[in-house]
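# Chains, contacts and geometry: an overview
For reference, the chains in residue letters:
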Amino acid sequence: MTAPTLDVLAIGNAIVDVIAPADDTFLADEGLAKGSMRLIDAGEAERLYGRMAAGRETSGGSAANTAAGVAALGARAGFIGQVAADQLGAVFAHDIRAVGVAFETPAAGDGPAPTARCLILVTPDAQRTMNTFLGASQHLPPAAINSAQIESAAILYLEGYLWDPEEPRAAMERAIEIARGAGRKVAFTLSDSFCIARHRAGFLKLIEDQRIDILFANEAEITELAGESDFEAAVAAIAPKVPVLVVTRSENGAIAVSGNERAEVAAEPVEKVIDTTGAGDLFAAGFLTGHAQGRSLEESLTLGAIAAAEVISHYGARPEADLKALAAKRIG
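Treat the numbers as computed from the prediction; the structure is a model and nothing was measured.

Okay, helix 12 (residues 323-331) next. A side-chain oxygen of the first residue of helix 12 lies 3.2 Å from the backbone nitrogen of Lys324; this N-cap is Asp322. Gly332 sits one or two residues past helix 12 and shows a positive phi near 85 degrees.

Turning our eyes to something else, we now look at the pairing of strand 9 (residues 153-159). The buried fraction of strand 9 is high, at 6 of 7 residues. By the bridge criterion, 5 bridges tie strand 1 (residues 6-11) to strand 9 in an arrangement that is parallel. Considered in strand 9, the bridge of Ala10 is made with Tyr157. In this sheet, strand 10 (residues 185-189) lies alongside strand 9 in parallel orientation, the contact comprising 5 bridges. Residue Glu159 lies in a different strand from strand 10, and its bridge partner there is Thr189. Remark: the strand 9/helix 6 (residues 166-181)/strand 10 crossover connection has right-handed handedness.

Mapped onto the elements, Ile331 comes out in helix 12. Residues contacting Ile331, with those up to four places away along its chain left out, are Arg295, Glu299, Thr302 and Leu303.

Moving on to the sheet that holds strand 10. By way of backbone hydrogen bonds, the strands of a sheet pair with one another, either parallel or antiparallel. A sheet is described by the order of its strands in space; here 9 strands give the open sequence 6-5-1-9-10-11-12-13-14, paired in mixed fashion. Strand pairing shows two members of the sheet lacking a second neighbour, strand 6 (101-103) and strand 14 (261-265), which therefore form its edges. Within this sheet the neighbouring strands show an average axis-to-axis angle of 20 degrees, counted without direction. Against the sheet, helix 4 (residues 87-98) makes contact with strand 5 (77-80) and strand 6, and its axis sits at roughly 145 degrees relative to strand 6, the strand it touches most.

What follows is about the sheet that holds strand 8 (residues 128-133). One open sheet accounts for 5 strands, arranged 3-8-7-2-4; its pairing is mixed. With one partner strand each, in any of the chains shown, strand 3 (37-39) and strand 4 (56-60) form the two edges of the open sheet. Strand-to-strand, the axes of this sheet are offset by a mean angle of 25 degrees, without reference to chain direction. Across 7 bridges, strand 2 (residues 15-21) lies against strand 7 (residues 116-122) in parallel orientation. Each residue of the ladder has a partner; that of Pro21, found in strand 7, is Val122.

This model, assessed by the stated rule, comprises 18 salt bridges. Close ionic contact of Asp24 with Lys34 constitutes a salt bridge, the shortest N to O distance being 3.0 Å. A residue pair is termed long-range when its members are at least 10 positions apart, and Asp24 in helix 1 (residues 24-30) and Lys34 in the loop between helix 1 and strand 3 qualify at 10 residues. On the basis of relative accessible area, Asp24 is assigned to the partly exposed category, the value being 44%. Each of Glu30, Arg38, Glu44, Arg47 and Arg51 takes part in a single network of salt bridges with overlapping partners.

In this section: the nonpolar core. Of all hydrophobic cores here, the largest spans 53 residues; its most connected members are Ile11, Phe188, Leu215, Leu225 and Leu245. Grouped together as the second largest cluster of nonpolar side chains are 47 residues, Val8, Leu88, Ile214 and Ala308 included.

With that settled, the discussion passes to the packing of aromatic side chains. For the structure shown, the criterion picks out 9 aromatic pairs. When the ring of Phe79 is compared with that of Phe103, the centres are 5.9 Å apart and the planes differ by 35 degrees; the resulting orientation is tilted. In this pair, Phe79 is assigned in strand 5 and Phe103 in strand 6, connecting sequence segments 24 residues apart. Neither Phe79 nor Phe103 differs from the other in exposure class; each is buried. Ring centres of Phe216 and Phe287 lie 5.8 Å apart, and the angle between their planes is 85 degrees; this geometry places the pair in the edge-to-face category. Placement of Phe216 in strand 11 (residues 214-218) and of Phe287 in helix 10 (residues 279-292) is noted, with a sequence separation of 71 residues between them. When its relative accessible area of 5% is taken as the criterion, Phe216 is described as buried. Using a relative accessible area of 0% as the deciding quantity, one classes Phe287 as buried.

About the thresholds
- Residues numbered from 1 in each chain as written.
- Predicted model: local features only at pLDDT ≥ 70, side-chain atom pairs only at ≥ 80, totals over all residues.
- Heavy atoms only, no water.
- Polar contact = N/O pair within 3.5 Å; in protein donor to acceptor, adjacent residues only side chain to side chain.
- Helix = DSSP H or I, 4+ residues; strand = E, 2+ residues; numbered from the N terminus.
- Buried < 20%, exposed > 50% of the residue type's maximum accessible area, 1.4 Å probe, protein only.
- Pairing = 2+ DSSP bridges.
- Right-handed = clockwise from strand over helix to strand, strands pointing away.
- Contact = heavy atoms within 4.5 Å.
- Axes fitted to C-alpha atoms, helices over the stretch in contact; angles between N-to-C directions.
- Salt bridge = Lys/Arg side-chain N within 4 Å of Asp/Glu carboxyl O.
- Core = buried A, V, L, I, M, F, W, Y, C linked by side-chain atoms within 4.5 Å.
- Phe/Tyr/Trp six-rings, centres within 6.5 Å; stacked < 30°, edge-to-face > 60°.

Here it is, written out as structure tokens:
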């Protein structure tokens, strides 16, 4: 097997985030459940955008944020995702390349939809409520999968959000086969409980067929996947089925289980939580970077906690501080 030229190659939705403050009354008026994520169409995206307070636009997308975090930690990252040949598509491509992520997917010139955007409402308690118009991102074709790039990556990382549309699901399944054929590892994040509600059988089949090496989930997602109300029962049900299981627990830290080994870390202290957008994405970035570097479960979890703590201390889902320096100061 040739040595990898990328540590992590992520595949996911290519989205531009529009982040704005909102209060609980606004959410109630809109009939939105705080902390949730829903898919919306172009008309609803335009209507809601018109009602939002002034905000900021930053490139996002779950797996893209993870790739940006991996690069910020000093590791080699790549990203595959579909944008349209429009202004937001150009913004996304510029932003992700500017942080050192290899992004080679051609824009869809005459595609059926514009570049995706996510309208994120952040309440004073730092909870984010996401309204996502998937646009061009849900049309990632299998033809966009670069076999050589996948074979060059130590870890292929896939987001559950992109499992919903048929076309990108086929692309991701092809990517899994290429990675496994090349002897590379495959990591998968469950993304959200609504993804599990729609695709639980498919996710479980991926696990049962031993196509996943590293599984990421939060507390709600792992219990949903396992069909258990108790956290420890859910972990006990899923952990034996994957080589590595990583579960985040918000302010209660995170755990990782690999065979008979279990590691736990506390959440890193944060002076003030501003915006939880991207916390799970950056946690995955830290853990994957540590794993690619051959670090222990505990050190990899700690890297994840450091990256997550940084991103929730400001608006936006991409790191602003020097993550590599923070990590070196904390664990060397």
